[in-house]
Amino acid sequence: MSEYWLISAPGDKTCQQTWDTLNNATKSGNLSVNYKFPIPDLKVGTLDQLVGLSDDLGKLDTFVETVTRKVAQYLGEVLEDQRDKLHENLMANNKLVANSQNRGSKRHDKYKVGQIFNITKSKIKDAARSACLPSPTLPTPGIDSYADPGGGEPPPTPTSPVADSAYSDHHGCWPCEHRDHSDCEASHQSHPSQPSSGRSSPRWEDDDCEERHHILTQGDLPTYLTRFQWDMAKYPIKQSLRNIADIISKQVGQIDADLKVKSSAYNSLKGNLQNLEKKQTGSLLTRNLADLVKKEHFILDSEYLTTLLVIVPKSMFNDWNANYEKITNMIVPRSTQLIHQDNDYGLYTVTLFKKVVDEFKLHARERKFIVREFSYNEADLAAGKNEITKLVTDKKKQFGPLVRWLKVNFSECFCAWIHVKALRVFVESVLRYGLPVNFQAVVMVPARKSFKKLRDVLQQLYAHLDHSAQQHGQNAQDTAELAGLGFGQSEYFPYVFYKINIEMVDKI
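Looking at an unreviewed UniProt entry, one finds the chain named V-type proton ATPase subunit C, with Pararge aegeria aegeria as its source organism. Taken verbatim from the UniProt record of the chain, the Sequence similarities (unreviewed entry) comment is "Belongs to the V-ATPase C subunit family."

Here you go:
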């Protein structure tokens, strides 16, 4: 499913009530799967600023989506024969992978500390036994700073069923940062619960659980959209809405400019290589003959004689063999040789005196024999082969970095695009529902063949928001464009609505 509906509805007493009402209305007929779309507390500004920003955000939305699809499309062109793997490379929020790796590294470091601790503890106990001394009391891993060089207040070590239950409230696994664990159900079959007895380090298991969640949810476009979180680092919410929009515009504009430069350079290299490859495999009339001829085919370093290459139509081979010596005077008898032939033509050599070359070319053309201009020079032939090799090498060198750049910047553009959607939802919701800010944004995944029914359910839920419809009844459609919110008759709904299509390229 590549089409998603992003809507917002005004909060009742609380936004949670709005969420529950919508969920209950769409759950009965399995009309859609719904996800909360959290938007932070952004700076509202004045009404005039919001009205002006609304139009500008619409243009920015179109621009960012265009660049995003352009990057995706070009990535498909660069992959060429590997285009079937394009969707695997169209990922969002690549940071999740790095964070997961970092957590794995931290967990490994803590594991090594624990090993060192256990070895040290064992050695001290052995030494105490040998000296007939009582075993010394050692710090407990995960509680004392010796076992946790990272600092911070460690969690209590569970030593009883009560303590265990406090830690294993999520399907028997240890707690992690996620507030909603519904996306990791499948992983719990292979994620063992903590034992209720024995001393262990919950923090290490916590990291393990957390990494499992991120591996399950990292990267793909639907997950990024349905699990959207505002990127505070890139787009600080203390900035005004206009400044955030400008940040996105500059960021995506720079990516668009860089894409033009990089694609131009790569396409030029690719085009030159394709032209040379065509000359290696095309018709004998146009292809490069260097790979077909050998030194022994030519009379070289002769003051009087020279060897020409002649293209003869396949249907005229017999005519050539019978009459080539009669085309002009001073042709060396029995000097012709068939070097190569394709479906239409054959490549022949003929040796003659240099003084009659021009005359031979003229009369050969009259007989539909075509003389190819060619001078055998080993240095030039080697240079031509080296040029192809160099272009192939250069293309391979540029391929990897270009693919990585496209993947990273596709992610940047896609994430920026969804943030623009969030800005639009916020601005339009404030304009429609007023202040104080109180609305619930939702990403809906409509069930197939349920679009119309889902639209009817939403209309019933939120028809009261359309004051013009209440006043004019059946004439509501005639006044839809008077709402002043920039929607046409076919696009206006009582609630804020945006359709998001995350299918970035045509299906292969």
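Peer 1: What is the right way to look at the packing of aromatic side chains in this model?
Peer 2: The way to describe two aromatic rings as a pair is by their centre distance and the angle between their planes. Evaluated as defined, the whole model comprises 18 aromatic pairs. Look at F410 and F414: their rings are 6.1 Å apart centre to centre, the planes differ by 25 degrees, and that puts the pair in the stacked class. Of the two residues, F410 and F414 are both situated in helix α11 (residues 378–433); the distance of four residues between them amounts to about one turn of the helix. Taken as a pair, F410 and F414 share a single burial class, namely buried. Of the aromatic side chains, those joined through ring pairs into one cluster are W5, F451, Y462, F493, Y495 and F497. In this structure, R455 packs its charged tip against the face of W5, placed 4.0 Å from the ring centre.

Peer 1: Honestly, the pattern of salt bridges in this entry has me stumped. Any pointers?
Peer 2: When their charged atoms lie close together, side chains carrying opposite charge are able to pair. One pass over the full model with this rule turns up eleven salt bridges. Among the ionic pairs, K452 bridges to D456, the shortest N-O distance being 3.6 Å. Of this pair, K452 and D456 are both found in helix α12 (residues 451–462), four residues apart, which corresponds to roughly one turn of the helix. For D456, a relative accessible area of 37% gives the class partly exposed.

Peer 1: Help me understand the sheet that holds strand β8 (residues 496–501), please; the structure alone is not making it clear to me.
Peer 2: By definition, the strands of a sheet pair up through backbone hydrogen bonds, in either a parallel or an antiparallel sense. Within the open sheet, the four strands sit side by side as β2-β7-β1-β8. Their pairing is antiparallel. Here the strands that pair on one side only, and so sit at the sheet edges, are β2 (32–36) and β8. Shown here is a sheet whose adjacent strand axes are inclined to one another by a mean of 25 degrees, direction ignored. Sheet topology places strand β1 (residues 3–10) next to β8; six bridges connect them, and they run antiparallel. Within β8, the position partnered with Y4 by the bridge is I500. Set on the sheet, α12 makes contact with β1, β2, β7 (439–446) and β8; between it and β1 the angle comes to about 10 degrees.

Peer 1: Looking at this structure, I do not really get the pairing of strand β5 (residues 345–353). What am I missing?
Peer 2: Along any regular strand, the residues point their side chains to alternate faces of the sheet. Within β5, seven of the nine residues are buried, which leaves the element mostly enclosed by the surrounding structure. Relative to β5, strand β3 (residues 305–313) runs antiparallel, the two sharing nine bridges. Among the inter-strand pairings, T307 is bridged to a residue of β5, identified as T351. Two strands pair when backbone bridges link them, and strand β4 (residues 337–341) and β5 are joined in this way by four bridges, in the antiparallel orientation. From the neighbouring strand, H340 faces β5, where its bridge partner is L347. Turn length for the β4-β5 hairpin, with the two strands adjacent in sequence and antiparallel, is three residues.

Peer 1: Where do I start with helix α10 (residues 357–366) in this structure?
Peer 2: One turn of the α-helix equals 3.6 residues, which is why residues spaced by three or four share an orientation. Every buried residue belonging to α10 is among V357, F360, K361 and A364, and all of these are buried. Angular distribution of buried residues about the axis of α10 spans 100 degrees; they occupy a single face of the element. In this structure, α10 carries D358 and E366 as exposed residues pointing more than 90 degrees from its buried face. Contacts made by the buried residues of α10 are with β3, α9 (317–323), β5 and β6 (370–372). Among the residues trailing α10, K368 stands out with phi positive, at a value near 70 degrees.

Peer 1: I tried to follow the packing of helix α2 (residues 47–79) against helix α8 (residues 241–281) on my own but got confused; where do I start?
Peer 2: The packing of two helices is summarised by the inter-axis angle and the distance between the axes. Viewed as axis vectors pointing N to C, α2 and α8 meet at an angle of 25 degrees, and their least axial separation amounts to 10 Å. In terms of their interaxial angle, α2 and α8 are classed as roughly parallel. Crossing hand, α2 versus α8: left-handed. A breakdown of the residues in the contact of α2 with α8 according to their chemical character gives 17 nonpolar, five polar and six charged.

Peer 1: Would you mind going over the packing of helix α1 (residues 15–27) against α12 with me for this structure?
Peer 2: One can describe the packing of α1 onto α12 by two numbers: an axis separation of 10 Å at closest approach and a directional angle of 140 degrees. Between α1 and α12, the interaxial angle falls into the category oblique. Classified by chirality, the crossing of α12 by α1 is right-handed. Between α1 and α12, the residues in contact are T18, T21, L22, A25 and T26 and L454, V457, L458, L461 and Y462, respectively.

What counts and how
Residues numbered from 1 in each chain as written. Predicted model: local features only at pLDDT ≥ 70, side-chain atom pairs only at ≥ 80, totals over all residues. Heavy atoms only, no water. UniProt positions renumbered as here; feature names shortened; annotations may be inferred. Phe/Tyr/Trp six-rings, centres within 6.5 Å; stacked < 30°, edge-to-face > 60°. Helix = DSSP H or I, 4+ residues; strand = E, 2+ residues; numbered from the N terminus. Buried < 20%, exposed > 50% of the residue type's maximum accessible area, 1.4 Å probe, protein only. Lys NZ or Arg CZ within 6 Å of the ring centre and 35° of its normal. Salt bridge = Lys/Arg side-chain N within 4 Å of Asp/Glu carboxyl O. Pairing = 2+ DSSP bridges. Axes fitted to C-alpha atoms, helices over the stretch in contact; angles between N-to-C directions. Contact = heavy atoms within 4.5 Å. Arc of directions from axis to C-beta. Parallel < 35°, antiparallel > 145°, perpendicular 65-115°, else oblique. Left-handed = near helix turned anticlockwise from the far one by under 90°. Nonpolar A, V, L, I, M, F, W, Y, C, P; charged D, E, K, R; others polar.

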